[in-house]
Amino acid sequence: MRSPFLSHVATGLLPLIAVFALFLLLRGHDAPGGGFIAGLVTTIAFVLAALAFGAGAVRTALPRLACRMPWIGLLVAAGSGLPAVAHGQGFLTHYHVQLGAAEAPALGLSTTLLFDVGVYLTVVGAAIKVLDAFAAEASP
């Protein structure tokens, strides 16, 4: 039996959890680490949604791409090391670029963020597959 209270709380918390996961992902843009914890926080959001709305509802809401997400994440993370190899550096040597106009503050981008996005996709995709397997076993 699902709790209406949990459904209302989850409806309010899920967007906040998503924004917090995005913050954690971007926090690690200059140093590795943000992608893994952001993936775990996103996984917590999926677990909360499954508890509040049922595993079937979460399963139907997820795109078919979710089952390929771990592989896409691995490719993105590995691809973040290729610019260094192209420039004769060691694999996964990260590059930083400053973008911005003369009047605006510069926006710092790096291949570290690309690596963290790959880690994020891998963690979330693997967790979705595990949670999906548990939900399939639990359903009659």
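Calculation rules
- Residues numbered from 1 in each chain as written.
- Predicted model: local features only at pLDDT ≥ 70, side-chain atom pairs only at ≥ 80, totals over all residues.
- Heavy atoms only, no water.
- Helix = DSSP H or I, 4+ residues; strand = E, 2+ residues; numbered from the N terminus.
- Rg over C-alpha atoms; globule rule 2.2 N^0.38 Å.
- Contact = heavy atoms within 4.5 Å.
- Lys, Arg positive; Asp, Glu negative; His and termini not counted.
- Charge placed at Lys NZ, Arg CZ, Asp CG, Glu CD.
- Core = buried A, V, L, I, M, F, W, Y, C linked by side-chain atoms within 4.5 Å.
- Buried < 20%, exposed > 50% of the residue type's maximum accessible area, 1.4 Å probe, protein only.
- Arc of directions from axis to C-beta.
- Patch = residues over 30% accessible without salt bridge, like charges linked within 9 Å, V, L, I, M, F, W, Y side chains within 5 Å.
- Areas by Shrake-Rupley, 256 points an atom, 1.4 Å probe, with all protein chains shown as cover.
- Salt bridge = Lys/Arg side-chain N within 4 Å of Asp/Glu carboxyl O.

S.K.: I would appreciate a short explanation of the overall build of the protein chain in the present structure.
M.R.: Across its full length, the protein chain carries six helices and two strands. If you list the helices and strands of the protein chain from N to C, you get α-α-α-α-α-β-β-α. The globule rule puts the C-alpha radius of gyration for 140 residues at 14 Å, and the 18 Å found for the protein chain is more than 25% above it. For the protein chain, the spread of C-alpha atoms along the principal axes amounts to about 60 × 35 × 20 Å. Here the contacts in the protein chain between residues at least 6 apart in sequence split such that 62% fall between residues at least 24 apart. Seen as two clouds, the 6 positive and the 5 negative side-chain charges of the protein chain have centres 16 Å apart.

S.K.: Explanation requested: the nonpolar core in the structure shown.
M.R.: Most often, soluble globular proteins keep nonpolar side chains buried together rather than apart. Ile17, Ala38, Val41, Met69, Tyr120, Val124 and Ile128 are the most contacted members of the largest nonpolar core, which totals 16 residues. With sequence-adjacent residues up to four places away left out, Ala38 is seen in contact with Ala21, Leu24, Leu25 and Tyr120.

S.K.: What am I meant to see in helix α4 (residues 69–79) here?
M.R.: Working note: α-helix, 3.6 residues per turn, so residues spaced by three or four point in the same direction. Along α4, the positions that sit buried rather than exposed are Met69, Pro70, Gly73 and Ala77. Seen end-on, α4 carries its buried residues on one side only, within an arc spanning 95°. Set apart from the buried face of α4 by more than 90 degrees, the exposed residues are Trp71 and Leu75.

S.K.: Where do I start with unusual backbone geometry in this structure?
M.R.: Even without a glycine there, the phi angle at Leu92 is positive, about 70°. By the element assignment, Leu92 lies in the loop between α5 (82–86) and β1 (96–99). By relative accessible area, Leu92 is classed as partly exposed at 31%.

S.K.: Can you help me understand a nonpolar patch on the surface in this one?
M.R.: A cluster of nonpolar side chains, namely Leu82, Val85, Phe91 and Leu92, defines an oily patch on the protein surface of about 360 Å² accessible area. Mapped onto the elements, Leu82 comes out in helix α5.

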